[in-house]
Amino acid sequence: MTKRIKHCIGLRFFKSNEINSFLDLAASFKANHNFKSLSSKTVAHVFFEPSTRTRLSFEMATQKLGAFPMVLDVNHSSLTKGETLVDMMKNIEALGVDALVIRHCDGGVPYFLSQNLSVPVVNAGDGYHEHPSQGLLDLFTLRETLGDLKGKHILILGDIMHSRVAKSNLWGLKTLGAKVTVSGPPNLIPSYVRSLGVDVSLDLDEILPKVDAVNVLRIQFERQHGIALPSMKEYRNLFGLTKDRQMLLKESAMVLHPGPINRGVELDSEVADGKFNVILNQVEHGVYVRMAILHKLMEAM
Amino acid sequence: MSIAVVNGKLINSENKVNVQNLMIQNGKVTGVGYIPDEDESTISIFDITQSLILPNTFDFFYAPDIRDLNSYIDEIQGSGIFNFALLPNQMTNVLDHPMAIEKFLSMKPQTGTFQLFASATKDGAPDSLSELSLLCQAGASGIYLGRIIENEILLKQALTYIDMIGCPIVVGPLTRLITGDTHLNEGDMSFKIGIRGESIDDEFRRVQDFLSIVERYTRVPIHFLSISSPKAVNHIHEFKNTYHDISVGLSPFHLILSDNLLSDYNNKLKFNPPLRSESEMNSLHLAFTNGQFDMFTSLHAPSDKEMQPRPFFNTMPYVQTLNDFFSVASHLLSESDFDLEQMASFFEAPISFRNYKKNQLGLNDPASFIALKNHSRDPYEVDLSLGVTTKLSGGVDLLVHEGVVK
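Residues numbered from 1 in each chain as written. Chains lettered and ligands numbered in written order. Predicted model: local features only at pLDDT ≥ 70, side-chain atom pairs only at ≥ 80, totals over all residues.

### Here we look at the environment of B:Arg310
Residue and element names in this part refer to chain B.
Moving on, step 1. Mapped onto the fold, arginine 310 is located in the loop between strand S13 (295-296) and helix H9 (322-334).
Moving on, step 2. For the pair formed by arginine 310 and lysine 268, sequence separation is 42 residues and the distance between their alpha carbons is 10.0 Å.
Moving on, step 3. Once residues within four sequence positions are removed from consideration, arginine 310 is found in contact with Asn267 and Thr315. (Helix = DSSP H or I, 4+ residues; strand = E, 2+ residues; numbered from the N terminus. Contact = placed C-beta atoms within 7 Å.)

### Remarks on the confidence of the model for chain B
Residue and element names in this part refer to chain B.
Moving on, step 1. On average, residues of chain B score 88 in pLDDT, and 93% of them reach the 70 mark or higher.
Moving on, step 2. Contacts for the low-pLDDT stretch residues 178-184, under 50 throughout, to residues beyond four places or in other chains number 18 contacts.
Moving on, step 3. Under the prediction, the complex receives an ipTM of 0.87, its pTM being 0.89. (pLDDT = per-residue confidence, 0-100.)

### Let's talk about helix H4 (residues 109-116) of chain A
Residue and element names in this part refer to chain A.
Moving on, step 1. For H4, the tally of buried residues reaches six of eight residues, placing the bulk of the element in the interior.
Moving on, step 2. Here H4 has its buried residues at Val109, Pro110, Tyr111, Phe112, Leu113 and Ser114.
Moving on, step 3. In this structure, the buried side of H4 is in contact with helix H3 (85-94), strand S3 (99-104) and strand S4 (121-126). (Buried ≥ 20, exposed ≤ 12 C-beta atoms within 10 Å, placed from the backbone.)

### Regarding helix H6 (residues 200-217) of chain B
All names here are of chain B.
Moving on, step 1. Between its first and last C-alpha, H6 extends 26 Å over 18 residues, near the 26 Å set by a 1.5 Å rise per residue.
Moving on, step 2. If you check which residues of H6 are buried, you get Ile200, Asp202, Glu203, Val207, Phe210, Leu211 and Val214. Along the axis of H6, the buried positions cluster into a sector of 155 degrees, meaning they face one direction only. Away from its buried face by more than 90 degrees, H6 exposes Asp201, Ser212 and Arg216.
Moving on, step 3. Contacts made by the buried residues of H6 are with helix H4 (152-165), strand S10 (169-171), strand S11 (222-224), helix H7 (230-239) and helix H8 (278-289). (Expected span 1.5 Å × (residues − 1). Arc of directions from axis to C-beta.)

### Concerning the nonpolar core
Moving on, step 1. A:Leu100, A:Val122, A:Ile156, A:Leu294, B:Leu87 and B:Ile143 are the most contacted members of the largest nonpolar core, which totals 198 residues.
Moving on, step 2. The element that contributes the greatest number of residues to this core is helix H11 (residues 279-298) of chain A, accounting for nine residues.
Moving on, step 3. If sequence neighbours within four positions are ignored, B:Leu87 has contacts with B:Phe60, B:Phe61, B:Tyr62, B:Ala63, B:Phe117, B:Tyr144 and B:Val170. (Core = buried A, V, L, I, M, F, W, Y, C linked by C-beta atoms within 7 Å.)

### Considerations on unusual backbone geometry
Moving on, step 1. Cis geometry marks the peptide bond from A:Gly259 to A:Pro260, where omega comes out at -10 degrees.
Moving on, step 2. Mapped onto the elements of the fold, A:Pro260 is located in the loop between strand S9 (254-256) and helix H10 (269-272).
Moving on, step 3. A cis amide bond links B:Asn272 to the next residue, B:Pro273, at an omega of 5 degrees.
Moving on, step 4. Turning to its location among the elements, B:Pro273 is positioned in the loop between strand S12 (246-250) and H8.
Moving on, step 5. For A:Ser40, which is not a glycine, the phi torsion comes out positive at approximately 80 degrees.
Moving on, step 6. Relative to the helices and strands, A:Ser40 is located in the loop between helix H1 (16-31) and strand S1 (42-47).
Moving on, step 7. A positive phi is found at B:Asn26, a non-glycine position, where the angle reads about 50 degrees.
Moving on, step 8. Positionally, B:Asn26 belongs in the loop between strand S2 (17-25) and strand S3 (28-32).

### Side note on the sheet that holds S9(A)
Strand pairing within a sheet occurs via backbone hydrogen bonds; the two strands may be parallel or antiparallel.
All names here are of chain A.
Moving on, step 1. Within the open sheet, the five strands sit side by side as S7-S6-S5-S8-S9. Their pairing is parallel. Only two strands of the sheet have a single neighbouring strand rather than two, namely strand S7 (199-200) and S9.
Moving on, step 2. Across the face of the sheet, helix H5 (residues 132-146) comes into contact with strand S5 (153-157), strand S8 (213-216) and S9 while running at roughly 170 degrees to S9. (Pairing = 2+ DSSP bridges. Axes fitted to C-alpha atoms, helices over the stretch in contact; angles between N-to-C directions.)

Encoded structure:
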């Protein structure tokens, strides 16, 4: 019997069959839009960090499954009165919610809540740790076009150090057997990635013709703390996927970006809106993948 | 009821170790070297063969709220640290005013000694110096340097005053508490689990910068509370060639625990300074066996009574118990080549910071001591309160506080 997946905290916790089970279910949701499997269930959405895409995508996924999305405005929550995180979440649980979707600025908070609550916890992004639903939707988008990802060559481009999207992609792609290369400023590439069997390339022009897809990461100004990048112009010159650079890509290559895009920095508009981009497909797939996550975690409760 | 403690190893006034028997009555040592003829029903005998008796253990702790001081002292002394120094708490910073110093000193414990180290800055802010000479006149034994180190101009000013006063300095962990916007740790585990921390290079650079300023401004005794990176302790060790009165503390936990244990966000393992990688831990162990450290520090804070679970980021460090501290410390010493006198010195304050006698016990002294197994024996499995099971040798043999066996 397959072991039920209790929480979705990070792709580093999943085996390949578990990742594929999410992707397969998401594919069936994409093929069949009417799937109200969770009617009468309630999902709490608690976002301690700003979010547009992920928050709306989770809300839509919840509604499409027939469940009720209970959205908490944390700026007007009891946390502002000094209540602890555990007390607040246990109260939300006591209201009768069936699952919790949480985004937090500190890595480890969803894991911590998964240890202290009895309902399934879905990580919608935690600090520098992981963004598993984004990782899964990237895998879904890649798999849909490239097929089995085993042996496919994927480039992750940008600030690897601070990116939770990069980490979820790294674990997910390696678990599914893809060949992964990372590229970006050397001070933003931790040496640890090599121990995962990931290649590092500092010459973007040299690596671009060899890859099947490029996942371009957003430069996260809010997480740099003034230490990482000398200038945006230099970054664009060395690691931006510019209009000219996109000509180096294979004809069949794909360009992904988790959004929001810093146009003219990591991605030129001609690339963001050009023939290689699958960015809006990613957004669409996000809903199906998040439906799959919620369904799988809540199906046997 | 009388207590006889037999076959323990005691350090004498000539700093030599003798196997001695102790007689304890009414909370005092009433016999050293002999057991009087008494009715067996009125005497409890504890055989502590192969254990080292430590009656004057010392450590630094952060000061609690004054209202909690008595229970704080009871917990510290009841756990085997009989002398201690209080440092300004980074959160409440209660030791930045002469009246606060006087108030704390008026609550002196009945046994053991305690000292106060005053805060170099007012209100825990890094931009305003305290009245350092007034604090020392009020009874502070020295000055504690915390965040002031980040402000070079203020540090130079403080060192100039400290040199004029001639009081010792204690330097806190040279890493900031892992809260707020500190930048990312370079460690593999920190990257993997997405926690922020401070790297060994950060600690090394702070030590290097601090000492380069110190040598130009003062010659007072300096003690580093806890250093966790081999590079930093090596640098301090080399510095001792030109600046003699300098000592370094070490948390024994940093020699047996690595950041590999953080993969599940075990918030009991949140230390300041943070746990390092396994290879750094091994290098630190080498520095320890090479004699580059002077004393053990428990990094413990008895004031933390908060029991509700918290996420890693919101957990304060210093939750490990003193029982764990002694178990791990005695394990490290029992496996080392240090002689017994050296072992005892790891539990004493560095000489310039000491206003009590060494780990010696004599007639009519208060009967408070901890006896640690000093010989290496087959490791046994221990469940530390940190949520870690490990194999240790050594261990606590007997703890007596004010004549009562704990």
